[in-house]
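As a plain string of letters, each chain reads:
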Protein chains: 2
Amino acid sequence: MATLTLALDAMGGDHGPSIVIGALKRALKTFPEVHFIVVGDQAELKPLLAQAKLTDHPQVSLQHASQVVTMTDKPGYSLRAKPDSSMRVALDLVASEQAAACVSAGNTGALMTKAYFTLKTLPGVARPALMSSLPQRDGGTAFILDLGANPVCDSDSLFQFGVMGSVAAQQVLAVDKPRIALLNMGEEDIKGNDVVKAAANLFQQAAELNYIGFIEGNDIFLNKADVIVCDGFVGNVALKSCEGLAELLVGNIKANIEQHWLTRFLVKLFYRRLQRSWDWLKPDHYNGASLIGLRGVVIKSHGNATERGFFSAIEQAVAETQQDLPAQVREQIEQILLAQE
Amino acid sequence: MATLTLALDAMGGDHGPSIVIGALKRALKTFPEVHFIVVGDQAELKPLLAQAKLTDHPQVSLQHASQVVTMTDKPGYSLRAKPDSSMRVALDLVASEQAAACVSAGNTGALMTKAYFTLKTLPGVARPALMSSLPQRDGGTAFILDLGANPVCDSDSLFQFGVMGSVAAQQVLAVDKPRIALLNMGEEDIKGNDVVKAAANLFQQAAELNYIGFIEGNDIFLNKADVIVCDGFVGNVALKSCEGLAELLVGNIKANIEQHWLTRFLVKLFYRRLQRSWDWLKPDHYNGASLIGLRGVVIKSHGNATERGFFSAIEQAVAETQQDLPAQVREQIEQILLAQE
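From a predicted model like this one, the values you see are computed outputs, not experimental measurements.

1. Some remarks on the side chain of Asp146 of chain B
All names here are of chain B.
Here's step 1: By the element assignment, Asp146 lies in the loop between strand S6 (141-145) and helix H6 (155-172).
Here's step 2: Within the buried core, Asp146 has no salt-bridge partner, and the shortest N-O distance to an opposite charge, that of Arg127, equals 7.1 Å.
Here's step 3: There is a polar contact of 3.4 Å between the side chain of Asp146 and the backbone nitrogen of Gly148.
Here's step 4: Among the polar contacts listed, one links the side chain of Asp146 to the backbone nitrogen of Ala149, at a separation of 3.0 Å.
Here's step 5: Discounting residues that sit within four places of it in the chain, Asp146 has contacts with Ala129, Leu130, Phe161, Cys230, Asp231, Gly232, Gly235 and Asn236.

2. Considering the pairing of strand S11 (residues 297-300) of chain B
Residues and elements named next belong to chain B.
Here's step 1: Here S11 shows a buried face lined by Val297 and Ile299 and a second buried face lined by Val298 and Lys300.
Here's step 2: In this structure, strand S4 (residues 101-104) lies alongside S11, joined through four bridges in parallel fashion. From the neighbouring strand, Cys102 faces S11, where its bridge partner is Val298.
Here's step 3: Pairing of strand S10 (residues 289-292) with S11, which is carried by three bridges, proceeds in the antiparallel orientation. Looking at S11, one finds that Ser290 is bridged to Ile299.
Here's step 4: Connecting the antiparallel pair S10 and S11 is a turn made up of four residues, with Gly293 showing a positive phi of about 110 degrees.

3. Considering the sheet that holds S11 of chain B
Residue and element names in this part refer to chain B.
Here's step 1: Judged by pairing direction, the sheet is mixed, and its 11 strands sit side by side in the order S3-S2-S1-S4-S11-S10-S5-S6-S9-S7-S8 without closing on themselves. In the strand order of this sheet, the two ends are held by strand S3 (60-64) and strand S8 (210-215), each with one partner. The sheet shows a mean angle of 25 degrees between the axes of neighbouring strands, direction not considered.
Here's step 2: Running over the sheet, helix H4 (residues 86-95) touches strand S1 (4-9), strand S2 (34-40), S3, S4 and S11 and is turned about 145 degrees from S2.
Here's step 3: The sheet strands contacting helix H5 (residues 108-119) are S4, strand S5 (129-135), S10 and S11, and the helix crosses S11 at an angle near 175 degrees.

4. Things to note about the pairing of S5 of chain B
Residue and element names in this part refer to chain B.
Here's step 1: Burial analysis of S5 places seven of its seven residues in the buried class, the great majority of the element.
Here's step 2: Every second residue of S5 is oriented toward a common face, with Ala129, Met131, Ser133 and Pro135 on one face and Leu130, Ser132 and Leu134 on the other, all of them buried.
Here's step 3: In terms of strand pairing, S5 meets S10 through three bridges, oriented antiparallel. Within S10, the residue paired with Met131 across the bridge is Ser290.
Here's step 4: Here five bridges tie S5 to S6, and the two strands are oriented antiparallel to one another. Note on S6: the bridge partner recorded for Met131 is Leu145.
Here's step 5: A loop of five residues connects S5 with S6, the two strands running antiparallel in sequence, and Gly139 in this loop sits at a positive phi of about 95 degrees.

5. A closer look at the packing of aromatic side chains
Here's step 1: Here the structure, examined in full by the defined rule, presents six aromatic pairs over all chains.
Here's step 2: Taken together, a centroid distance of 5.1 Å and an interplanar angle of 55 degrees make the contact between Phe159 of chain A and Phe203 of chain A tilted. With Phe159 of chain A in helix H6 (residues 155-172) and Phe203 of chain A in helix H7 (residues 194-205), this residue pair connects regions lying 44 residues apart in the sequence. One exposure class covers both Phe159 of chain A and Phe203 of chain A, and it is buried.
Here's step 3: For the pair Phe203 of chain A and Tyr211 of chain A, a centre-to-centre distance of 5.0 Å together with 10 degrees between the ring planes defines the contact as stacked. Comparing Phe203 of chain A with Tyr211 of chain A, the two get one shared label, buried.
Here's step 4: Here a set of aromatic residues connected by ring pairs shows up, and it is made of Phe159, Phe203 and Tyr211 of chain A.
Here's step 5: Above the ring of Phe311 of chain A, the side-chain terminus of Arg26 of chain A is found at 5.0 Å from the ring centroid.
Here's step 6: Residue placement shows Arg127 of chain B over the ring face of Tyr116 of chain B; its charged tip is 5.0 Å from the ring centre.

6. Quick look at the packing of helix H1 (residues 17-30) of chain A against helix H10 (residues 307-322) of chain A
All names here are of chain A.
Here's step 1: Two numbers describe how H1 lies on H10: the axes approach to 8 Å, and their chain directions differ by 55 degrees. Judged by the angle between their axes, H1 and H10 are oblique. As H1 runs across H10, the sense of the crossing is right-handed. Taking contact as the criterion, the partners of Ser18, Ile19, Val20, Gly22, Ala23, Leu24, Arg26, Ala27 and Thr30 in H1 are, on H10, Glu307, Arg308, Phe310, Phe311 and Ile314.
Here's step 2: Across the contact of H1 with H10, the residue classes break down as eight nonpolar, three polar and three charged.

7. Focus: H4 of chain B
Here's step 1: Among the 10 residues that make up H4 of chain B, eight are buried, leaving the element largely enclosed by the rest of the structure.
Here's step 2: One or two steps after H4 of chain B, the chain reaches Glu97 of chain B, where phi turns positive at roughly 65 degrees.

8. Let's talk about the environment of Glu33 of chain B
Here's step 1: Residue position: Glu33 of chain B is located in the loop between helix H1 (17-30) and S2.
Here's step 2: Between the C-alpha atom of Glu33 of chain B and that of Met131 of chain B, which follows or precedes it by 98 residues, the distance is 26 Å.

9. Focus: the packing of H1 of chain A against helix H2 (residues 42-51) of chain A
All names here are of chain A.
Here's step 1: At a closest axis distance of 10 Å, the pairing of H1 and H2 adopts a crossing angle of 40 degrees. The angle between the axes of H1 and H2 places the two elements in the oblique class. In this structure, H1 meets H2 at a crossing whose hand is right-handed. The segment H1 lies against H2, with Pro17, Ser18, Ile21 and Leu24 engaging Glu44, Leu45, Leu48 and Leu49.

10. Here we look at the domain arrangement of chain A
When the parts come together, some accessible area is lost, and that loss is often what is quoted as the size of the interface.
All names here are of chain A.
Here's step 1: With domains assigned, chain A is organised as domain 1 (1-125 + 293-341) and domain 2 (129-286).
Here's step 2: Of note, the centres of domain 1 and domain 2, computed from C-alpha atoms alone, are 24 Å apart.
Here's step 3: Between domain 1 and domain 2 the total buried area reaches about 1800 Å² when both faces are included, carbon and sulfur atoms providing 63% of it.
Here's step 4: Contact with domain 2 buries surface across domain 1, with Met112, Gln332 and Ile336 losing the most and accounting together for 26% of the total.
Here's step 5: For the interface between domain 1 and domain 2, the tally reads zero salt bridges.

Rules used throughout
- Residues numbered from 1 in each chain as written.
- Chains lettered and ligands numbered in written order.
- Predicted model: local features only at pLDDT ≥ 70, side-chain atom pairs only at ≥ 80, totals over all residues.
- Heavy atoms only, no water.
- Helix = DSSP H or I, 4+ residues; strand = E, 2+ residues; numbered from the N terminus.
- Buried < 20%, exposed > 50% of the residue type's maximum accessible area, 1.4 Å probe, protein only.
- Lys, Arg positive; Asp, Glu negative; His and termini not counted.
- Salt bridge = Lys/Arg side-chain N within 4 Å of Asp/Glu carboxyl O.
- Polar contact = N/O pair within 3.5 Å; in protein donor to acceptor, adjacent residues only side chain to side chain.
- Contact = heavy atoms within 4.5 Å.
- Pairing = 2+ DSSP bridges.
- Axes fitted to C-alpha atoms, helices over the stretch in contact; angles between N-to-C directions.
- Phe/Tyr/Trp six-rings, centres within 6.5 Å; stacked < 30°, edge-to-face > 60°.
- Lys NZ or Arg CZ within 6 Å of the ring centre and 35° of its normal.
- Parallel < 35°, antiparallel > 145°, perpendicular 65-115°, else oblique.
- Left-handed = near helix turned anticlockwise from the far one by under 90°.
- Nonpolar A, V, L, I, M, F, W, Y, C, P; charged D, E, K, R; others polar.
- Domains from an automatic or database assignment.
- Buried area = accessible area lost by both parts, 1.4 Å probe.

As structure tokens, this is what we get:
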């Protein structure tokens, strides 16, 4: 029996609803306790569900939405002009508690604005943050936030991001006392800007948190911290730079291998060993950024996610919902704010 | 006959003066027109110069300095307490026009502070910026600035960085109309923070410049721009993150190869092809960040640079000096400021 309901925005992403239906099929087997509401244009979705033999599946229902938010819609415009978009309807299902979480691969800016507007932030949280998993050298995982929900942050926001990330690492990664670090230009106290320095002060005063200080860009994959805190501008640029470099480097290796018949041949012996070198990056497995700090679980999938990628985003939504992350965040933020009074 | 004089701070860097002397030996052959003043503790340097058979070399002179700036000295402290440090004496040689440029692998913060104090900025330049070469997918080079001299920037500074980078790309990279881009969270006009948006406005009004708009982190290696402009916090974190990832990825590949006798064996056939995949990153060849915007050429070498790396920093100093980059920057900044009046 379904004990949990998730809303899937089926119309977002670069590859259209077939990716979402493929991921759904996989999720139904993995999560027999979850009910899925597929949200989007029924004329498009009904044939896809029928094709996947999911029309009368007991864990699946279809919720029509007449509009679609495009990748180029501005957030304010989509909020005003598209009240019946699949994204908005999926978020409304969470706001009205008909669903516990929403997953969308749509326009990030529009999703953040709509989520903030419909779900509101938790008490004590000024701004939600976009948080993602970051693969670590030894195969572990860290959380990094913010990745672009907040281009400018004050020190209070950075502090709240640290608390939220810490709760997520406890609940989702099962880390006992998550190490929280601030991303900075250097490890010394005098480095950085005033906002980061003021945030460091706030962390130092919060005895409940395991704050370990500043870390630099070259440390973010080295398992030095479980939670890495930065403003959305820095986080977005740093992570995208790394994505760009990794893609290029792996692409180069593949291209160089294929240039010669001997290496093309050898690669068949060699491939799995080589593959392992970048497997830990697993972009598919790490897909799914959480919009944390809201009164509900909202997961943003990469726009160009594969079926496997969208499935990872669903997994993330299930994990956060099962742990009731919003309630946990609310509780810990309250405790810390009370302790500071 | 020497037509150009360079001052080398021999005491900076993690590996001590022997690296600098090794790089000097190489530079003497490559640049017969350059005279080098080696600055540092003569008790330590004399034996090294003798060992390298450079004691009476016509292109080399030794300038004693009794103090050394350590990697942990705070900038303000080193400025006040170490007036006879090798770094300071090397910069003073530039300020007094006895040398045209200075190269140091010492403490970045101290170098920036001392350089700003002794050399001052060019007219029309509010703040110097740390600028580095960035390898591009196709083997080309772009300049990125700032990388940490300015943790907080206003839009005027970002605009000046663009002008300075453009002059450097023209003079040093021989690019005709360098494409200038602002690093941002998205390509759309509405993305980013107010400083970046205001800087975009300034660039759009400067018809002399080839401003191409915003680029994202994943574009910085894709030869989309010749000059990439950002504040020092963002640039520092993004570049260090990429360095960390590249090191880890290449290290992983090597480790996976060495785990098995067959791949260890095959790698001998395979190595050069594989090597080529990350050769374009060439950290050694790209060593040498310019502190641009000052009344003199100052090049910062990586603290852990090899002999080859420090030589690249010397090359960068020679190139910028031969083109008289400070004079060129001064001229173009003046032209643009006049055009705006």
